[in-house]
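# Notes for the structure review
Listed below are the residues making up each chain.
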Amino acid sequence: MSIQTLPVADSQLQKIADKVYNGQRISDEEGLYLFEHGSLAFVGALANYIREQKHGNITYFNRNFHIEPTNACVYSCHFCSYSRLYAHRDEAWELSLEQMMDIVRKYDNEPVTEVHIVGGVHPKMNLEFFAELLRKIKAHRPDLHIKGFTAVELDYMFRKAKKTVREGLEYLKEAGLESLPGGGAEIFAPEIRKQICADKVDGQGWLHIHQTAHELGMQTNATMLFGHIEKFEHRIDHMRQLRELQDKTGGFNTFIPLKFRNKDNDMSHVPETSLIEDMRMYAIARIYLDNFPHIKAYWPMLGRQNAQLSLSFGVNDIDGTIDDTTKIYSMAGAEEQNPSMTTEELVNLIKQAKRRPVERGTLYNIIKDYGEASAVEVNIASLN
Ligand code: V47
Ligand code: SF4
């Protein structure tokens, strides 16, 4: 019996399954119904069907490293374990342009393709400072793709420089910025946002920055911080706004659900979600966001074994090698205290899940196809 003919007791779930198998978009109400009533097995089967329709067995990864210029921040998001208030910046790190270039130079003989720049919002690290960083990186290594700055960092930088979003983005693009990461989105719903990150750019501002980037020909990602005080309806509201913008611009590449981690932050009393809930989140995102090409599990946050599991629940990308260059998740209590994977480890991890590893560039250009996993490889591939 093919999966399409599996009987479903609940007629509403059956209707949703029929829509998915007919390639139709599900509504907000149906998305909410999945969160409320869809078992992991049910949403997982639908998500896996969509994933295989879109990508077959291919699972993407890339070779990347991060630069985190500072963890001093003018904002005080309650879920953040990483930043130190700018007022207490003696406890924080601040890298100079030369220190950041030393990080770039460390990879001179390595086949990395992307640098991801993200950090706290530091008033002295302004638009000109970052434009100079971008120019220096590009002068040193023109082929390295620069994905940088969340909408939160950009909003602050542009306002301080008295530039419109369009002017600011054009300026950074000219200096070498090629795409935007998805951070800072958190949860758009104002009633939740004001409880967890009241003082930074709001949902409309975040969407405006990404829309403008798309209009300038830059591709971007989108995240959602889930599993804290939000309700299922807020997750749907967040994904609806992303889906609507994607209908207009087509500029999003990847949706990255980020599981809230509760160590050493102001929300440590909020329990973390279960693994089942995390996998349901990936699966429902895959089903609801029909116009997003990719769903990414960010393994430094989720742990490598859970990231591997997510490949059966709609995920087709697991980010990159990272090389222990990010602290955001280790400081928030993630299992991966020094996140780094060799290409071989990533390839093994993907093959062990019976998927086909493909190294990609940031914009999903194929760099190397490692082929389907053989039975032998699947059996012997080990996770270090
Ligand atoms: O916006 C901060 C999140 C994000 C916690 O675009 C937390 O490819 C969970 O956006 N628990 C920044 N999450 C990182 C980010 C990202 C990461 C990897 C790839 C890409 C991409 C983007 O980190 C923040 C916030 O949502 N975050 N603290 C925490 N305690
Ligand atoms: Fe600052 Fe980002 Fe942490 Fe918020 S999540 S406090 S904006 S570093």
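What counts and what doesn't
- Residues numbered from 1 in each chain as written.
- Chains lettered and ligands numbered in written order.
- Predicted model: local features only at pLDDT ≥ 70, side-chain atom pairs only at ≥ 80, totals over all residues.
- Heavy atoms only, no water.
- Near = heavy atom within 4 Å.
- Nonpolar A, V, L, I, M, F, W, Y, C, P; charged D, E, K, R; others polar.
- Buried < 20%, exposed > 50% of the residue type's maximum accessible area, 1.4 Å probe, protein only.
- Helix = DSSP H or I, 4+ residues; strand = E, 2+ residues; numbered from the N terminus.
- Arc of directions from axis to C-beta.
- Contact = heavy atoms within 4.5 Å.
- pLDDT = per-residue confidence, 0-100.
- Disulfide = S-S within 2.5 Å.
- UniProt positions renumbered as here; feature names shortened; annotations may be inferred.
- Axes fitted to C-alpha atoms, helices over the stretch in contact; angles between N-to-C directions.
- Parallel < 35°, antiparallel > 145°, perpendicular 65-115°, else oblique.
- Pairing = 2+ DSSP bridges.
- Phe/Tyr/Trp six-rings, centres within 6.5 Å; stacked < 30°, edge-to-face > 60°.
- Lys NZ or Arg CZ within 6 Å of the ring centre and 35° of its normal.
- Polar contact = N/O pair within 3.5 Å; in protein donor to acceptor, adjacent residues only side chain to side chain.
- Areas by Shrake-Rupley, 256 points an atom, 1.4 Å probe, with all protein chains shown as cover.
- Left-handed = near helix turned anticlockwise from the far one by under 90°.

## A few points about the site of ligand 2
Near ligand 2 the following residues occur: C73, Y75, C77, F79, C80, S83, G120, V152 and K200. Taken together, the residues that form the shell around ligand 2 break down as six nonpolar, two polar and one charged.

## As for helix α2 (residues 28–37)
A turn of α-helix holds 3.6 residues, and therefore any two residues three or four places apart point the same way. Among all positions of α2, only E30, G31, L34 and F35 are buried. The buried residues of α2 occupy an angular sector of 145 degrees when the element is viewed end-on, so they sit on one face. Buried residues along α2 sit in contact with α1 (11–21), α3 (40–55), α10 (232–249) and α11 (275–288).

## Notes on the environment of S340
Mapped onto the elements of the fold, S340 is located in the loop between β11 (317–320) and α14 (343–352). Given a relative accessible area of 26%, S340 falls into the partly exposed group. In sequence terms S340 and V315 are 25 residues apart; their C-alpha atoms lie 20 Å from each other.

## Structural notes on the side chain of R63
Mapped onto the secondary structure, R63 falls in the loop between β1 (58–62) and β2 (64–67). With residues near it in sequence (within four places) discarded, R63 still touches P111, V112, T113, E114, T321, T343, E359 and Y370.

## What about the confidence of the model for the protein chain?
Averaged over the protein chain, the pLDDT score is 92; the fraction of residues at 70 or greater is 93%. Predicted as a complex, the structure gets a pTM of 0.95 and an ipTM equal to 0.98.

## Brief notes about the state of the cysteines
In this structure the tally under the stated criterion is zero disulfides. With no disulfide of its own, C197 lies closest to C77 among cysteine sulfurs, the gap being 5.0 Å. Residue C197 is classed as buried on the basis of its relative accessible area of 1%.

## Here we look at the UniProt feature "binding site: [4Fe-4S] cluster" (unreviewed entry) in the protein chain
Under the feature "binding site: [4Fe-4S] cluster" (unreviewed entry), the UniProt entry names C73, C77 and C80. Of note, C73 is situated in strand β3 (residues 72–73). Owing to a relative accessible area of 9%, C73 belongs among the buried residues under this scheme. Inspection of the secondary structure assignment puts C80 in the loop between β3 and β4 (84–85).

## A few points about the packing of α1 against α3
Where α1 meets α3, the closest approach of the two axes is 10 Å, and the angle between their N-to-C directions is 10 degrees. In terms of orientation, α1 lies roughly parallel with respect to α3. When α1 is examined against α3, the residues L13, I16, A17, V20 and Y21 are found in contact with a partner set consisting of F42, L46, Y49 and I50. A class-by-class count of the residues in the contact of α1 with α3 yields nine nonpolar, no polar and no charged.

## Quick notes on the sheet that holds strand β12 (residues 356–360)
Neighbouring strands of a sheet are bound in pairs by backbone hydrogen bonds; such pairs are parallel or else antiparallel. Pairing is mixed across the open sheet formed by four strands, whose spatial order is β11-β1-β12-β13. The open sheet is flanked by β11 and β13 (366–369), the only strands paired with a single partner. The sheet shows a mean angle of 30 degrees between the axes of neighbouring strands, direction not considered. In terms of strand pairing, β1 meets β11 through two bridges, oriented parallel. Its bridge partner lying in β11, Y60 is registered against D317. In the packing of α14 onto the sheet, the strands contacted are β1, β11 and β12, and the crossing angle to β1 comes to about 160 degrees.

## A word on the packing of aromatic side chains
Where two aromatic rings form a pair, the distance of their centres and the angle of their planes describe that pair. Inspection of every chain in the model, using the stated rule, returns 13 aromatic pairs. With 6.3 Å between their ring centres and 90 degrees between their planes, Y75 and Y156 make a pair best called edge-to-face. Of the two residues, Y75 sits in the loop between β3 and β4 while Y156 sits in helix α6 (residues 151–160), which places them 81 residues apart along the sequence. Take Y75 and Y156: they sit in the same class, and that class is buried. Here F188 and W206 contribute two aromatic rings whose centre-to-centre distance is 5.5 Å and whose plane-to-plane angle is 50 degrees, an arrangement assigned as tilted. Of the two residues, F188 is situated in the loop between β7 (179–180) and α8 (190–196) and W206 in helix α9 (residues 203–215); the sequence distance between them amounts to 18 residues. Taken individually, F188 and W206 each receive the classification buried, so the pair is uniform in this respect. Following the ring pairs from residue to residue traces out a cluster consisting of F188, W206, F252, F255 and F292. Sitting over the face of the ring of Y364, R360 holds its NZ or CZ atom 4.4 Å from the ring centroid.

## Details of the site of ligand 1
By nearness alone, 24 residues border ligand 1, and K147, G182, G184, E186 and K296 come closest of all. Between ligand 1 and the protein, one listed contact pairs an oxygen atom with a backbone N or O atom of G184 at 2.7 Å. In the environment of ligand 1, an oxygen atom lies 2.8 Å from a nitrogen or oxygen atom belonging to the side chain of K296. Here ligand 1, which alone exposes 620 Å², has 96% of that area covered by the protein. Listed by contribution, the elements that provide at least two residues to the shell around ligand 1 are β8 (219–226) and β9 (252–259). Of the residues contributing to the shell around ligand 1, the split by class is ten nonpolar, eight polar and six charged.

## Examining the packing of helix α4 (residues 97–106) against helix α5 (residues 127–140)
Where α4 meets α5, the closest approach of the two axes is 10 Å, and the angle between their N-to-C directions is 30 degrees. Taken together, the axis directions place α4 and α5 in an arrangement best described as roughly parallel. Taken as a pair, α4 and α5 cross one another with a handedness that is right-handed. Along its contact with α4, which presents L97, E98, M100, M101, V104 and R105, the element α5 presents F129, E132, L133, K136, I137 and H140. Residues of the contact of α4 with α5, tallied by class, amount to seven nonpolar, one polar and four charged.

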